[in-house]
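Listed below are the residues making up each chain.
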Amino acid sequence: MFLDKNGNLELASAANVSIFDYGFYYGFSVYETCFIKDSKAVFLKDHFKRLQFSLDHFSIPTDSNFYFNLEERIQKIISKNEIVLGRLRIIVSAGDISSGFGKNITSILLTEKILKEPESVSLTVTNIKKVYPAVFPPSTKLSSNIASLLSIIEAKKSGFDEGIMLTHNGIITEGSYCNLFWLKKNILFTPSLDSSILSGITRDKIIQAAKENSIEVREGIYTLNDLLSAEKVFISSSTRGLLRVNKLDNLEYENILPEIIEKIQLTYQKYLKDSL
């Protein structure tokens, strides 16, 4: 696999970043994860917009050609790695500490092939708690997201695909690396942005698709009991779209997609196709 660092393609195994880079030394960098389909990055403009929000929030400067060059680099590394279906990770830090904050930013692209798309996912409520209220706005993605990392490690040790994190006062937030949705009486529920969650790009598209199909969506502050009383549970993420949950701890869900979810998925696939 090739890694792209500031415009230079090199084998990932041979790549290096200074130990004094803000991203390594402090764990201070921002990132985006994009879905690659038909050798193109999906919803790339949306990811660029959220990336810029993160960079602005943390005062990491970019020049006027940053996104033009970044898009060229993305297509180059996708082509070099022959990625038809996969994921792309964009990482940007404020550069080397010795240069001064933001004087010479570091940007890295990583690609990975997806050999098989999952049909469903299993979830467990982990012991990892999210800070509430959130420290940063819901559109910021920091690489040093230790809560998500610890949550998925705990979930996998217990035999699950991903974890669900609550706040200390029992509010449902999100999965380790996904947003949550659930269905009850033909109403689609999801934690609101003030629930210490990430403003997921796919989450936004799913809500938009539901509304386009006249399906009621309720965003709010919810507890675990709200989730456990659901008829169906789903996750959303950039690389998995809207994905069915087959198991939540000791609760199991039938492999049946309600008609309204099928409508949402068809509309979402249209958005995805249009973005390409």
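Just so it is clear, the structure is predicted and the values come from calculations on it, not from any experiment.

Draft legend 1. Inspection of the overall build of the protein chain at higher detail. For the protein chain, the count of helices and strands is seven helices and 15 strands. In summary, the protein chain has a C-alpha radius of gyration of 19 Å against a globular reference of 19 Å for 276 residues, a match within 12%. Projecting the C-alpha coordinates of the protein chain onto the three principal axes gives extents of approximately 55 × 40 × 35 Å. When the 276 residues of the protein chain are sorted by exposure, 50% land in the buried category. Relative to all contacts within the protein chain whose residues are 6 or more apart in sequence, the contacts with residues 24 or more apart total 69%. Only carbon and sulfur atoms are counted for the fraction: they give 52% of the accessible area of the protein chain, which is about 13700 Å². Positive and negative side-chain charges of the protein chain, numbering 32 and 32 respectively, have mean locations separated by a distance of 1 Å.

Draft legend 2. Layout of helix α2 (residues 44-57). In this model, α2 (14 residues) spans 20 Å end to end at C-alpha, consistent with the 20 Å of a helix rising 1.5 Å per residue. For α2, the set of buried residues is L44, H47, F48, R50, L51, Q52, S54 and L55. At its buried positions, α2 is contacted by β3 (29-37), β4 (40-41), α3 (66-80), β5 (85-93) and α5 (201-212). S59 sits one or two positions beyond α2 and adopts a positive phi of about 55 degrees.

Draft legend 3. Spatial organisation of the pattern of salt bridges. Per the stated rule, a full pass over the model turns up eleven salt bridges. Among the salt bridges present, the one from R50 reaches E32, with a minimum N-O distance of 2.8 Å. Of this pair, R50 sits in helix α2 while E32 sits in strand β3, and the two are 18 residues apart along the sequence. Just as R50 is buried, E32 falls in that class too. Taking the shortest distance from any N to any O, the salt bridge between E174 and K130 comes out at 2.6 Å. Pair noted here: E174 is in strand β9 (residues 172-175) and K130 is in strand β7 (residues 120-130), with a separation of 44 residues, a long-range link.

Draft legend 4. Broad picture of the packing of aromatic side chains. Throughout the structure, instances matching the rule amount to 13 aromatic pairs. When the centroid spacing of 6.3 Å and the interplanar angle of 10 degrees are considered together, the rings of W182 and F189 count as stacked. Look at F189 and you get buried, because its relative accessible area is 11%. Among the aromatic side chains, those forming a connected cluster through ring pairs are F20, Y22, Y25, Y26, F28, F58, F101 and F136. A cation over an aromatic ring shows up here: R89 above the ring of Y31, its NZ or CZ 4.0 Å from the ring centre. Directly above the ring of F43 sits K205, whose terminal nitrogen or CZ lies 4.8 Å from the centroid.

Draft legend 5. Local environment of a nonpolar patch on the surface. Side chains of V17, I19, F20, F24, Y25 and Y26 sit close together on the surface and give an oily, nonpolar patch of about 660 Å² of accessible area. By secondary structure assignment, the location of F24 is in helix α1 (residues 22-25). Judged by its relative accessible area of 57%, F24 is exposed.

Draft legend 6. The arrangement of the nonpolar core in detail. Grouped together as the largest cluster of nonpolar side chains are 26 residues, with contacts concentrated most on L51, L70, I74 and I90. For this core, the elements supplying multiple residues, two or more each, are β3, α2, α3 and β5. For this core, the leading source of residues is α3, giving six residues. Those residues in contact with L51 that lie beyond four places of it in its chain are V30, E32, F66, Y67, L70, I90 and V92. Grouped together as the second largest cluster of nonpolar side chains are 23 residues, F35, A210, V217 and I261 included.

What counts, and at which threshold
Residues numbered from 1 in each chain as written. Predicted model: local features only at pLDDT ≥ 70, side-chain atom pairs only at ≥ 80, totals over all residues. Heavy atoms only, no water. Helix = DSSP H or I, 4+ residues; strand = E, 2+ residues; numbered from the N terminus. Rg over C-alpha atoms; globule rule 2.2 N^0.38 Å. Buried < 20%, exposed > 50% of the residue type's maximum accessible area, 1.4 Å probe, protein only. Contact = heavy atoms within 4.5 Å. Areas by Shrake-Rupley, 256 points an atom, 1.4 Å probe, with all protein chains shown as cover. Lys, Arg positive; Asp, Glu negative; His and termini not counted. Charge placed at Lys NZ, Arg CZ, Asp CG, Glu CD. Expected span 1.5 Å × (residues − 1). Salt bridge = Lys/Arg side-chain N within 4 Å of Asp/Glu carboxyl O. Phe/Tyr/Trp six-rings, centres within 6.5 Å; stacked < 30°, edge-to-face > 60°. Lys NZ or Arg CZ within 6 Å of the ring centre and 35° of its normal. Patch = residues over 30% accessible without salt bridge, like charges linked within 9 Å, V, L, I, M, F, W, Y side chains within 5 Å. Core = buried A, V, L, I, M, F, W, Y, C linked by side-chain atoms within 4.5 Å.

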